[in-house]
Amino acid sequence: MGRRDSVTMKVSFLRITALVLLHLLVFSFGTVTTFAYSTSGYSWSSSPIPYYINSAFASSFRTAMKAADATWDAAGADFSFSCGSTACTTSANPNVWSYSCDLEKSIGYYNRGDTGVLAAVNFCAVGSSLAEADTTLNTYYSFTTTGAAGKYDVQDLVTHEFGHWLWLLDLSSSGSPSYCSSSVMSTMCRYMYPGQTYRRSLRTDDKDGIKAIYGT
Amino acid sequence: MKSKNWKYVLGLSLTAFVAMGILVAKTVTQSGSHFDNESIIVGSVQSSYIARDINLYTESVPVIVIGSVAKVGEPYLRDDRGLTSQQNIQIRVEEVLKGDLSISNLSILIEGGQTVLVKDEQKGVVSGDDSAFFTIGENVLLFLGTNSYGDYVVFAGPNGKYLIDEQNTVTSIGDFEMPLKELRAKINAALQNSTNS
């Protein structure tokens, strides 16, 4: 083998090595920016969607719930919620317990007992078009608006529940990187720790989810 | 010329790889619909659960058992329970870690499954899809709470159900995996702490 061949081989080897390293760099960048959301094909056919909050909730709770609405409104998707009345309140609890869909979307309360369930969302839909969504907070547990230790933060919880109203589903996997850990959470992670406030803010994957359903 | 070709190959290759990277990175989970689109009314439940914390769960619940699933009932609606599909599950208890030690069989309730609802000449499907679901024969460790009607329920939905395999490894939703021995030790430690405090 001549000196020229040897140099050519070295250059080729270096080029191949550089190519492999570049690919690894691109690939690792791609995996580091992993996002996730989960939908199931249902959506609102119009926007904004008016909603009501049970007037029995404390004023600070209602303010926190409206802040949760505003968070989704600012997500950059072609969708928004709006208060159904000036005060945004209703004296009625969600009607999901009476087997009917009255089309009124509301946030209320219900004592589900010591079930580990902090809140639940019920839906009515016609075909693939949502007609009603209601959220009930489980009054068995203690809630707060300040993220106080030992209690569950209303804004964190309701931001998550509004995500369900949009028909984004729960995330539960830890993923890589983790998007459902005790220190980093997408808003659509189903878990909630006492004092937790992470889910008040949307992460990129939550925004990607609402944009995927409703466009930008 | 050779250098130009090499650049083309490099460029194309990088572009293809970037596209692949983005495709792989975007792990978008498009789960299938659980509903019959021909139905007029659809009801469903999505819940927020207390996050998994073995200490907190152990202290909170009245009953922790190890056993096997003996029976899985058909989903049904109850007039007094609202628009929620329910299923009764029978557990053959092999060991009680917390609660009444004499329990040998337990009936628990889950909110889940699909039920056809006919009302005012409209047909619908009531569905719950984020509960702890069961299959006959499964070996499980369960944290059980009670609902406002006094029924035993799996605490925090799927977070309170732990599947035990033949190697005595315990798995649960959210990539949870742990040897049964270790989980028992954590539960025992939490029980000890709550007794001492």
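Residues numbered from 1 in each chain as written. Chains lettered and ligands numbered in written order. Predicted model: local features only at pLDDT ≥ 70, side-chain atom pairs only at ≥ 80, totals over all residues.

**Digging into the nonpolar core**
Heads up, the condition is: A set of buried Ala, Val, Leu, Ile, Met, Phe, Trp, Tyr and Cys residues, joined through C-beta atoms within 7 Å, is what we mean by a nonpolar core. Three classes are used. A residue is buried when 20 or more other C-beta atoms lie within 10 Å of its own, exposed when 12 or fewer do, and partly exposed in between, with C-beta atoms placed from the backbone. Counting from the N terminus, the helices are DSSP H or I runs at least four residues long and the strands are E runs at least two residues long.
Counting residues in hydrophobic clusters, the biggest one holds 82 residues, and the most contacted among them are Leu118 of chain A together with Val65, Ile108, Leu142 and Leu144 of chain B. It is strand 7 (residues 117-126) of chain A that contributes the most residues to this core, eight residues altogether.

**Side note on unusual backbone geometry**
It is generally the case that most residues other than glycine have a negative phi and that most peptide bonds are trans. The amide bond that connects Ser47 of chain A to the next residue, Pro48 of chain A, takes the cis arrangement and shows omega of 5°. Tracing the sequence through the fold places Pro48 of chain A in the loop between strand 1 (38-39) and strand 2 (49-54). Of note in the backbone geometry, Ala156 of chain B takes a positive phi value of approximately 60° without being a glycine. Judged by C-beta crowding, with 30 C-beta atoms within 10 Å, Ala156 of chain B ranks as buried.

**Concerning the confidence of the model for chain A**
All names here are of chain A. Put simply, the test is: Known as pLDDT, the predictor's per-residue confidence is scaled from 0 to 100. Residue pairs are scored as contacts if the distance between their C-beta atoms, which are placed from the backbone, is within 7 Å.
With 75% of its residues at a pLDDT of 70 or more, chain A shows a mean pLDDT of 81. When mean pLDDT is compared element by element in chain A, strand 9 (residues 143-144) scores highest at 97, while helix 1 (residues 3-32) scores lowest at 56. pLDDT under 50 marks residues 25-34. Its contacts with residues more than four places away, or in other chains, come to 19 contacts.

**Topic: the pairing of strand 3 (residues 63-72) of chain B**
Residue and element names in this part refer to chain B. We count it as follows: Strands were regarded as paired on the criterion that DSSP finds at least two bridges between them.
Pairing of strand 3 with strand 8 (residues 139-147) involves six bridges; the strand directions are antiparallel. Along strand 8, the bridge assignment pairs Val63 with Leu144. Pairing of strand 3 with strand 4 (residues 86-98) involves eight bridges; the strand directions are antiparallel. Note on strand 4: the bridge partner recorded for Ile64 is Lys98.

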